[in-house]
Amino acid sequence: MFLLLTRQDNVLLALRQGTGFADGMWNLPSGKAETAETAVAAVIREAHEELGIRLSSHEINFAATVHCRNSDADIRLGLFFQAAAKQTPLDFPYNAEPHKCAKLAWYPMTMLPAATMPYSALGISLYQRSAYFGSTGW
């Protein structure tokens, strides 16, 4: 599950570190669903774990699906959800996982850093175009 947390035309990205996977790359806040957890519940939980924010299901919008092939053995289907950033002090995102994330930063959706994970960049592009499916790495 991926979260496009948006503020006007900007999206929040996290710089990965210390995970052994794609360290030094920018990525959307994301994670896997746990057993018996819906996709929306997973993105809500991940938003709280990674960003310290609380979202409710009525604030989450489906954005896109990306079919990604990282290698012959690593094929993923990513669900992307969008939520608008809130302006209240208790809901301001912060780096709640500094052991996995070097920093957070807002970027214009049309000017992502060169080191953005390809499937995150594709998910953002699909959202901007109101296109709901894309693939990368095939």
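Look above for the structure.
Residues numbered from 1 in each chain as written. Predicted model: local features only at pLDDT ≥ 70, side-chain atom pairs only at ≥ 80, totals over all residues. Heavy atoms only, no water.

Regarding the pattern of salt bridges
Here's step 1: Taken as a whole and judged by the stated rule, the model has seven salt bridges.
Here's step 2: In this structure, the salt-bridge partner of R45 is E37, at a minimum N-O distance of 2.8 Å.
Here's step 3: A relative accessible area of 16% places R45 in the buried class.
Here's step 4: With a closest N to O distance of 2.8 Å, R76 and D74 form a salt bridge.
Here's step 5: Sharing partners across several salt bridges, the network here consists of E34, E37, R45, E46 and E49. (Salt bridge = Lys/Arg side-chain N within 4 Å of Asp/Glu carboxyl O. Buried < 20%, exposed > 50% of the residue type's maximum accessible area, 1.4 Å probe, protein only.)

Thoughts on the side chain of S120
Here's step 1: Relative to the elements of secondary structure, S120 occurs in helix α2 (residues 118-128).
Here's step 2: Of the residues examined, S120 reaches a relative accessible area of 0% and is grouped as buried.
Here's step 3: Once you skip the residues sitting within four places of it in the chain, S120 turns out to touch F2, N27, L28 and F80. (Helix = DSSP H or I, 4+ residues; strand = E, 2+ residues; numbered from the N terminus. Contact = heavy atoms within 4.5 Å.)

Let's talk about the packing of aromatic side chains
Here's step 1: Summed over all chains, the structure comprises five aromatic pairs.
Here's step 2: Taking 4.3 Å as the distance between ring centres and 10 degrees as the angle between the ring planes, the aromatic pair formed by F2 and F80 counts as stacked. With F2 in strand β1 (residues 2-7) and F80 in strand β5 (residues 74-84), this residue pair connects regions lying 78 residues apart in the sequence.
Here's step 3: Exposure remark for F80: the relative accessible area of 0% places this residue in the buried category.
Here's step 4: The interplanar angle of 80 degrees and the centroid separation of 6.1 Å between the aromatic rings of F62 and F81 together place this pair among those described as edge-to-face. One end of the pair, F62, is in strand β4 (residues 61-71); the other, F81, is in strand β5, with 19 residues separating them in the sequence.
Here's step 5: Under the relative-accessibility criterion, F81 is labelled buried at 7%.
Here's step 6: A cation over an aromatic ring shows up here: R76 above the ring of F21, its NZ or CZ 5.3 Å from the ring centre. (Phe/Tyr/Trp six-rings, centres within 6.5 Å; stacked < 30°, edge-to-face > 60°. Lys NZ or Arg CZ within 6 Å of the ring centre and 35° of its normal.)

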